[in-house]
Amino acid sequence: MKNYNSYMDRQEISPALHQTLMNLETPKRSSSPGWVKYGMLAACAALILGVGAWKLTPDPTAGPNPVQSGSQLTLDSTSAPQNHPLQSDAAPSVTTEQGFVVDSPLVYGVNLVPPMIPDINYQDITDRPQADASRAYAPGSFTVDLTKKDIQDIFWGLDGKPEAEQADLPWALSWDGYTLNGRAWYSGEGKLVELTLWGEKGRAGFELEMRLGGLPITCCIDLNRGDELSEFNGVEIAGWSKAYDRDGDGITDDICGSEFMTKNDIGVRFKSWNNAWNNGGNLDSEVLFNTRFVHQALTENGGLCLEHLKTAESVPAWREEEFSTLAQAREESDFAPYLPTSEPEGYSAYVGNKEFYGRLSYQEGTQNMLFVRWSREYDNVEVAVRRDGTYSYHLVSPHQPETYDLSLYPIPWCDSVPEEYWETVNNPAFRAEDMSLAVVKARGREHDTGGQTFSFDVLHPDGTLVSYRCDGMTAQQVWAMVEETLT
């Protein structure tokens, strides 16, 4: 942990962003309720401190996760739950095989009276600046895909769907025909951290985030949003709208968002786009779609229930361990044969500003990886050993240099590398028996701090994959580090 703290202590945000954060506008229509004020403080603290919420720089194990060509394809996974739908404004990829199509027809009969629509101010923040950040996940975190019944119980409650109700979900949501998916994110102890539902219907879609005891963790700060709060059934609601091309198709998208704390202490953020009720669709129709959800979530006859999801039914075994020396890391017998036996040349404890970081990350059925890194000013040497098939890679042959040899392609690579070789040239994997000094040399390129940098993966006969990322070393030095693991 001291290495992690030392690393995070060196992270800084730009003076401009810092000043903007300090000058965030205060709400205009009413004073900030406690959840808004403390939610913003927590968000800023998480952004700066990186305490299990956000991170500004990639995880040490992060990097390209290419898909291997051929029949040996396996699924890649890291310590963070993958493919979280809230990493950007873009909608998650959804198919009917992954979720279910909601059958909740809008039938207005004697007992189905259109609900009273709350008066919510969806202020336009299209031109407001936004700072993006990615999530960081605490050790042992995992996700569980929700079943149709799990999702239904969120809206019908633990008593289940009323006998007379024929729809999958409350008809007032107007989600009929949407393909719906859900995912719950749990801590390593099996406690619910956050829950997400997302749906698609053509160009229309929505994301619903929920969290017990606080607003959902955000992947961005809407700088100077200046919430103008509305109220419905005694609950204060922040609403906003945007109009821009969110998916790059040349068509302007209408987007609405709302967030609030329910009376049973569930933090909610609901974002929807292109849900046209009127011919052609417009922002007014988007407001209506978003507002109908707010009504359903806060009405006495509706509401939201997460009691059945508070604790995971099973928790995969996991282990996280940090090492302060290479010797400690090499005590892990399953990984020792694939690690350097000594400090990389030029990175010994007595040369320059040397730092060492090591970490073992294990989660049952997901990953089994040991990572070590030596740092010297702005240069790094990184070795990541992945076992148990929890990885993906692009396997290449040394007899096809066009698939990996960097000397064949001048920078910028976007202009010189053929599209079919983008993934392998960026991050190739070689069988251990194919490795040689010539292969290592082919992976060298100039580094911005001087000298060369090398990157490649080595696949061993037992399925272990070792990734090398080496700065400030010669090809001969890198080859010596790899060669000793090949016997």
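These numbers were taken from a predicted model, which means no experiment stands behind them.

### Some words on helix H10 (residues 475-483)
Line of reasoning, step 1. Among all positions of H10, only Ala475, Gln477, Val478, Trp479, Met481 and Val482 are buried.
Line of reasoning, step 2. Here the buried face of H10 lies against strand S18 (379-386), helix H9 (437-442), strand S21 (452-459) and strand S22 (465-471).

### What about the pairing of strand S9 (residues 204-212)?
Line of reasoning, step 1. Of all nine residues that make up S9, seven are buried, and the element is covered over most of its length.
Line of reasoning, step 2. Across seven bridges, strand S8 (residues 192-201) lies against S9 in antiparallel orientation. Bridged to glycine 199 within S9 is phenylalanine 206.
Line of reasoning, step 3. Hairpin connection between S8 and S9: a loop of two residues separates the two successive antiparallel strands, and glycine 202 in this loop has a positive phi of roughly 65°.
Line of reasoning, step 4. Relative to strand S14 (residues 266-273), S9 is paired through eight bridges, and the arrangement is antiparallel. In the strand pairing of S14, leucine 212 is matched with isoleucine 266.

### Focus: the nonpolar core
Line of reasoning, step 1. Ranked by size, the top nonpolar core spans 40 residues in total, and within it Ile154, Phe155, Trp175, Leu197, Met210 and Phe293 carry the most contacts.
Line of reasoning, step 2. At the level of secondary structure, the elements contributing two or more residues to this core comprise helix H4 (148-156), strand S7 (179-186), S8, S9, strand S12 (235-244), strand S13 (253-261), S14 and helix H5 (283-298).
Line of reasoning, step 3. Per-element accounting of this core gives the leading share, five residues, to H5.
Line of reasoning, step 4. Once residues within four sequence positions are removed from consideration, methionine 210 is found in contact with Ile154, Glu194, Leu195, Leu197, Pro216, Ile266, Gly267, Val268, Leu304 and Leu306.
Line of reasoning, step 5. Grouped together as the second largest cluster of nonpolar side chains are 35 residues, Phe356, Tyr404, Ala442 and Tyr468 included.

### Describing the side chain of arginine 183
Line of reasoning, step 1. Among the structural elements, arginine 183 can be located in strand S7.
Line of reasoning, step 2. Reaching out from arginine 183, the side chain makes a polar contact with the side chain of aspartate 145 at a distance of 3.1 Å.

### Describing the pairing of S22
Line of reasoning, step 1. In terms of burial, S22 is a largely internal element, six of the seven residues being buried.
Line of reasoning, step 2. Of the strand pairs in this sheet, S18 and S22 are connected by six bridges, and their pairing is antiparallel. Along S22, the bridge assignment pairs alanine 384 with serine 467.
Line of reasoning, step 3. Two strands pair when backbone bridges link them, and S21 and S22 are joined in this way by seven bridges, in the antiparallel orientation. Bridge assignment links phenylalanine 454 to a residue of S22, and that residue is cysteine 470.
Line of reasoning, step 4. From the end of S21 to the start of S22, which pair antiparallel, there are five residues, and glycine 463 there has a positive phi angle of about 95°.

### Focus: H4
Line of reasoning, step 1. For H4, the tally of buried residues reaches seven of nine residues, placing the bulk of the element in the interior.
Line of reasoning, step 2. Those residues of H4 lying buried are Asp150, Ile151, Gln152, Asp153, Ile154, Phe155 and Trp156.

### Topic: unusual backbone geometry
Line of reasoning, step 1. Backbone torsion omega between isoleucine 411 and proline 412 reads 10°, so that peptide bond is classified as cis.
Line of reasoning, step 2. By secondary structure assignment, the location of proline 412 is in the loop between S18 and helix H7 (413-416).
Line of reasoning, step 3. Of note, serine 174 is a non-glycine position whose phi angle comes to about 60°, a positive value.
Line of reasoning, step 4. We classify serine 174 as buried; its relative accessible area is 7%.
Line of reasoning, step 5. The phi dihedral of aspartate 265 is positive, around 65°, even though this residue is not glycine.
Line of reasoning, step 6. Following the sequence through the fold, aspartate 265 ends up in the loop between S13 and S14.

### Quick notes on the packing of aromatic side chains
Line of reasoning, step 1. Going through the model one piece at a time under the given rule, you end up with 16 aromatic pairs.
Line of reasoning, step 2. Between phenylalanine 270 and phenylalanine 293, the ring centres sit 4.2 Å apart and the planes meet at 25°, which makes this aromatic pair stacked. Of this pair, phenylalanine 270 sits in strand S14 while phenylalanine 293 sits in helix H5, and the two are 23 residues apart along the sequence. Across the pair, phenylalanine 293 and phenylalanine 270 agree in class, each one buried.
Line of reasoning, step 3. The rings of Phe155, Trp175, Tyr178, Phe206, Phe270, Phe289 and Phe293 are connected pair by pair, giving a single aromatic cluster.
Line of reasoning, step 4. Just above the ring of tryptophan 273 sits the side chain of arginine 246; from NZ or CZ to the centre is 4.1 Å.

### Details of the environment of glycine 160
Line of reasoning, step 1. One can find glycine 160 in the loop between H4 and S7.
Line of reasoning, step 2. Looking at glycine 160, the relative accessible area reads 22%, which means it is partly exposed.
Line of reasoning, step 3. In this structure the C-alpha to C-alpha distance between glycine 160 and lysine 149, which are 11 residues apart in sequence, comes to 9.0 Å.

### Some thoughts on the pattern of salt bridges
Line of reasoning, step 1. A complete count under the given rule lists 15 salt bridges for this structure.
Line of reasoning, step 2. Taking the shortest distance from any N to any O, the salt bridge between arginine 203 and aspartate 253 comes out at 2.5 Å. Of this pair, arginine 203 sits in the loop between S8 and S9 while aspartate 253 sits in strand S13, placing them 50 residues apart in sequence.
Line of reasoning, step 3. Assessed through its relative accessible area of 39%, arginine 203 is described here as partly exposed.
Line of reasoning, step 4. A salt bridge links aspartate 462 to arginine 387, with the nearest nitrogen and oxygen atoms 3.6 Å apart. Highlighted residues: aspartate 462 in the loop between S21 and S22 and arginine 387 in the loop between S18 and H7, separated in sequence by 75 residues.
Line of reasoning, step 5. Taking the relative accessible area as the measure of exposure, arginine 387 reaches 18% and is therefore buried.

Quick notes on the rules
- Residues numbered from 1 in each chain as written.
- Predicted model: local features only at pLDDT ≥ 70, side-chain atom pairs only at ≥ 80, totals over all residues.
- Heavy atoms only, no water.
- Buried < 20%, exposed > 50% of the residue type's maximum accessible area, 1.4 Å probe, protein only.
- Helix = DSSP H or I, 4+ residues; strand = E, 2+ residues; numbered from the N terminus.
- Contact = heavy atoms within 4.5 Å.
- Pairing = 2+ DSSP bridges.
- Core = buried A, V, L, I, M, F, W, Y, C linked by side-chain atoms within 4.5 Å.
- Polar contact = N/O pair within 3.5 Å; in protein donor to acceptor, adjacent residues only side chain to side chain.
- Phe/Tyr/Trp six-rings, centres within 6.5 Å; stacked < 30°, edge-to-face > 60°.
- Lys NZ or Arg CZ within 6 Å of the ring centre and 35° of its normal.
- Salt bridge = Lys/Arg side-chain N within 4 Å of Asp/Glu carboxyl O.

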